[in-house]
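Here's the letter readout for the chains.
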Amino acid sequence: KNEVEQSPQNLTAQEGEFITINCSYSVGISALHWLQQHPGGGIVSLFMLSSGKKKHGRLIATINIQEKHSSLHITASHPRDSAVYICAVTRGDSGTYKYIFGTGTRLKVLA
Amino acid sequence: GAGVSQTPSNKVTEKGKYVELRCDPISGHTALYWYRQSLGQGPEFLIYFQGTGAADDSGLPNDRFFAVRPEGSVSTLKIQRTERGDSAVYLCASSRTGYGAQFFGPGTRLTVL
């Protein structure tokens, strides 16, 4: 079983819809990261969370440490939001801060 | 430039050949990471440098893979006797310290024929 699981794997939405992507993890963490990857493009960091909730524009990320679960929400989705969204964690019990990645959620927003 | 850069962007090689992949981190970032991403998968950790030293090389798949960062800035990932299974996108990331958000380069797509 992967240490970081995401759902759904693929998601198609209509423009304007509210989108939720989920991430569950099975290890103790020091932080959780949400990242965006466009086809053929690099990876961009969206959020780094250790507790609570963060908001940036139309993106909201929440984390529940007790339940080992995080969600990424996109409000008023737009076709330019189409990308792969990746959840990653850094473990709290290691001396390094390497990311452990989920397999990603491929989002397509239709106009 | 202001971001992490990687060269080459694409590399095609034949099975058995040696390749070097280069990463230029953001200036002043002491931490540097290498990851490998196979098609349809999330990236997997290879090696982490703090300054000049490899602080964690537990992700290197075997002894054909080696990486250096001699002056604490540019890093080179070296793959000997390449195999078809080495084909992937190799990603480099840096952060100001060990902890904190990592900034990713555009990756090098390696294809081993």
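Residues numbered from 1 in each chain as written. Chains lettered and ligands numbered in written order. Predicted model: local features only at pLDDT ≥ 70, side-chain atom pairs only at ≥ 80, totals over all residues. Heavy atoms only, no water.

Participant: Describe the overall build of chain B, listing the residues and the values that go with them.
Facilitator: Across its full length, chain B holds zero helices and eleven strands. Its C-alpha atoms give chain B a radius of gyration of 13 Å, within 12% of the compact-globule value 13 Å for 113 residues. Counting only C-alpha atoms, chain B reaches 35 × 25 × 25 Å along its principal axes. Within chain B, buried positions represent 46% of all 113 residues. The contacts in chain B between residues at least 6 apart in sequence include a share of 54% that link residues at least 24 apart. In chain B, 12 positive and 10 negative side-chain charges are present, and the distance between their average locations comes to 5 Å. (Helix = DSSP H or I, 4+ residues; strand = E, 2+ residues; numbered from the N terminus. Rg over C-alpha atoms; globule rule 2.2 N^0.38 Å. Buried < 20%, exposed > 50% of the residue type's maximum accessible area, 1.4 Å probe, protein only. Contact = heavy atoms within 4.5 Å. Lys, Arg positive; Asp, Glu negative; His and termini not counted. Charge placed at Lys NZ, Arg CZ, Asp CG, Glu CD.)

Participant: Talk me through the environment of Leu21(B); I want residue IDs and the actual numbers.
Facilitator: Residues and elements named next belong to chain B. Relative to the helices and strands, Leu 21 is located in strand S3 (residues 19–24). Classification of Leu 21 as buried rests on a relative accessible area of 0%. Taking the C-alpha atoms as reference, Leu 21 lies 13 Å from Ser 87; in sequence the two are 66 residues apart. Not counting residues up to four positions away in its chain, the partners in contact with Leu 21 are Thr 7, Pro 8, Trp 34, Ser 75, Thr 76, Leu 77, Tyr 90 and Thr 108.

Participant: How would you summarise the interface of chain A and chain B if you had to cite specific residues and measurements?
Facilitator: Each partner contributes residues to the interface: chain A has 16 residues there, and chain B has 21 residues. For the pairing of chain A and chain B, the buried interface totals around 1500 Å² over both sides, and the portion due to carbon and sulfur atoms is 62%. For chain A, the biggest contributors to the area lost against chain B are Tyr97(A), Lys98(A) and Tyr99(A); these three give 34% of the whole. Along the contact surface separating chain A from chain B lie one salt bridge. Where Lys98(A) meets Asp56(B), a salt bridge forms, and the shortest distance between an N and an O atom there is 3.1 Å. Where chain A touches chain B, the interface holds six residue pairs in polar contact (both at pLDDT 80 or more). For the side of chain A that touches chain B, the elements supplying multiple residues, two or more each, are strand S4 (29–37) and strand S5 (43–49) of chain A. No other element matches S4(A), which puts four residues into the side of chain A that touches chain B. When its residues are assigned to classes, the side of chain A that touches chain B shows eight nonpolar, seven polar and one charged. (Buried area = accessible area lost by both parts, 1.4 Å probe. Salt bridge = Lys/Arg side-chain N within 4 Å of Asp/Glu carboxyl O. Polar contact = N/O pair within 3.5 Å; in protein donor to acceptor, adjacent residues only side chain to side chain. Nonpolar A, V, L, I, M, F, W, Y, C, P; charged D, E, K, R; others polar.)

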